[in-house]
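Structure assessment
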Amino acid sequence: KQEVTQIPAALSVPEGENLVLNCSFTDSAIYNLQWFRQDPGKGLTSLLLIQSSQREQTSGRLNASLDKSSGRSTLYIAASQPGDSATYLCAVISSGSARQLTFGSGTQLTVLP
Amino acid sequence: DTEVTQTPKHLVMGMTNKKSLKCEQHMGHRAMYWYKQKAKKPPELMFVYSYEKLSINESVPSRFSPECPNSSLLNLHLHALQPEDSALYLCASSQTLAKETQYFGPGTRLLVL
């Protein structure tokens, strides 16, 4: 059974810092990995999707990498801003999971002005 | 348009009430999903519809009854719920059940008294 872990559970940084969020998964047989952002009490916003054949994806100040063999992904946020404060969730679709997303527990990010 | 809408935004119901949650998307997606999310936890998959047919039921109690009347609309009928069913209910859609980005709605915040 696929398990997804995100470390750290919470992170607080001053504005302007570059930061890295980590995600690991136990079964490397995945179709894709997706990073989401969730603001308190709100739905999920898809940030980046990395297919299993890809190594990274970029969108603006965000860069996500995928190392399938080691079961790891990172989300790099450059020049963080207070508006980046949210919970970041990583989720994978495993090959044998009938296309279900398995989520990590998330990293709660606070960017201090 | 990459929007998934959900109504109502908030719902308070007693344990003997019958209510329905509604989800709508006009992106031409043929896969739609219901998730349940408790506070500070990741979303948990409840149901998946593919081409208007129920594809996955994650052993959800029968007091939750999904319905997909057409390709744009997904309902979740609620009856005789328990206080522990209070949560944020999220709807999502994707192009198909394949390796596609899932787009989430803002959720319905449900409180069962």
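My aim in this report is to walk through the structure given alongside it, one point at a time. Please read these numbers as outputs of a predicted model, since none were measured by experiment.

This part covers the interface of chain B and chain A. Counting residues at the interface gives 20 residues for chain B, matched by 21 residues for chain A. Counting across the chain B and chain A interface gives 0 salt bridges. Across the contact surface, chain B and chain A share 2 residue pairs in polar contact (both at pLDDT 80 or more). Of all the elements in the fold, those that place two or more residues in the side of chain B that touches chain A are β4 (31–37) and β9 (87–94) of chain B. Its residues placed into classes, the side of chain B that touches chain A shows 11 nonpolar, 4 polar and 5 charged.

Right, let's get into the environment of Tyr49 of chain B. Residue and element names in this part refer to chain B. You can see Tyr49 is positioned in strand β5 (residues 44–50). Sequence separation between Tyr49 and Cys68 is 19 residues; the distance between their C-alpha atoms is 7.4 Å. The residues touching Tyr49, leaving out its near neighbours within four places in the chain, are Arg30, Ala31, Met32, Leu54, Ser55, Pro66, Glu67, Cys68 and Leu74.

Residue and element names in this part refer to chain B. What the 4 strands build is an open sheet, ordered β1-β3-β8-β7; its pairing is antiparallel. Lying at the two open borders of the sheet, with one neighbouring strand each, are β1 (4–7) and β7 (64–70). Shown here is a sheet whose adjacent strand axes are inclined to one another by a mean of 20°, direction ignored. Judged from the 4 bridges that link them, β1 and strand β3 (residues 18–25) form a sheet pairing that is antiparallel.

Here the focus is the sheet that holds strand β1 (residues 4–7) of chain A. Residues and elements named next belong to chain A. Spatially, the 5 strands line up as an open sheet ordered β1-β3-β8-β7-β6, and their pairing is antiparallel. The open sheet terminates on both sides in strands that have one partner only, identified here as β1 and β6 (56–59). The mean angle between the axes of side-by-side strands here comes to 15°, regardless of whether they run parallel or antiparallel. Alignment of β6 against strand β7 (residues 62–67), held across 4 bridges, turns out to be antiparallel.

Next up on the list: the nonpolar core. Counting residues in each nonpolar core, the largest one holds 23 residues, and the members touching the most others are Trp34, Phe64, Leu76 and Leu78 of chain B. Going through the elements one at a time, β2 (10–13), β3, β4, β5, β7, β8 (73–79), β9 and β11 (108–112) of chain B are the ones with two or more residues in this core. In this structure, Leu75, Ile77, Ala86 and Tyr88 of chain A belong to the second largest nonpolar core, which totals 22 residues.

Residue and element names in this part refer to chain A. By secondary structure assignment, the location of Ser94 is in strand β9 (residues 86–94). Engagement of the side chain of Ser94 in a polar contact is seen with the side chain of Gln2, the distance being 2.9 Å. When sequence neighbours within four positions are dropped, the list of residues in contact with Ser94 reads Gln2, Ala29, Ile30, Tyr31 and Gln100.

All names here are of chain A. Of all the 9 residues making up strand β4 (residues 30–38), 8 are buried; the element is thus mostly covered by neighbouring parts of the structure. Sheet analysis places β4 next to β9, joined by 8 bridges and oriented antiparallel. Looking at the pairing, Trp35 lines up with Cys90 of β9. Relative to strand β5 (residues 44–51), β4 runs antiparallel, the two being bridged by 7 bridges. In the strand pairing of β5, Gln34 is matched with Leu49.

A few words on the state of the cysteines. The tally for this structure, following the rule as stated, stands at 2 disulfides over all chains. Here Cys23 of chain A engages in a disulfide with Cys90 of chain A; their sulfurs sit 1.8 Å apart. Residue Cys23 of chain A is found in strand β3 (residues 19–25), and its partner Cys90 of chain A is found in strand β9; the two are separated by 67 residues along the sequence. Between the sulfur atoms of Cys23 of chain B and its disulfide partner Cys91 of chain B the distance amounts to 1.9 Å. Taking the sign of the S-S torsion, about -70° here, the bridge from Cys23 of chain B to Cys91 of chain B comes out left-handed. Of this pair, Cys23 of chain B sits in strand β3 while Cys91 of chain B sits in strand β9; the two residues are 68 residues apart in sequence, bridging distant segments of the chain. This cysteine, Cys68 of chain B, is not joined by any disulfide, and Cys23 of chain B carries the nearest cysteine sulfur, 9.2 Å off.

Ile7 of chain A connects to Pro8 of chain A through a cis peptide bond whose omega is 0°. The residue Pro8 of chain A is located in the loop between β1 and β2 (10–14) in this model. The omega torsion across Thr7 of chain B and Pro8 of chain B is -5°, close enough to zero to call that bond cis. Here the phi dihedral of Lys40 of chain B falls at roughly 60°; this positive angle occurs in a residue that is not glycine. Structurally, Lys40 of chain B is set in the loop between β4 and β5.

Conventions adopted
Residues numbered from 1 in each chain as written. Chains lettered and ligands numbered in written order. Predicted model: local features only at pLDDT ≥ 70, side-chain atom pairs only at ≥ 80, totals over all residues. Heavy atoms only, no water. Contact = heavy atoms within 4.5 Å. Salt bridge = Lys/Arg side-chain N within 4 Å of Asp/Glu carboxyl O. Polar contact = N/O pair within 3.5 Å; in protein donor to acceptor, adjacent residues only side chain to side chain. Helix = DSSP H or I, 4+ residues; strand = E, 2+ residues; numbered from the N terminus. Nonpolar A, V, L, I, M, F, W, Y, C, P; charged D, E, K, R; others polar. Pairing = 2+ DSSP bridges. Axes fitted to C-alpha atoms, helices over the stretch in contact; angles between N-to-C directions. Core = buried A, V, L, I, M, F, W, Y, C linked by side-chain atoms within 4.5 Å. Buried < 20%, exposed > 50% of the residue type's maximum accessible area, 1.4 Å probe, protein only. Disulfide = S-S within 2.5 Å.

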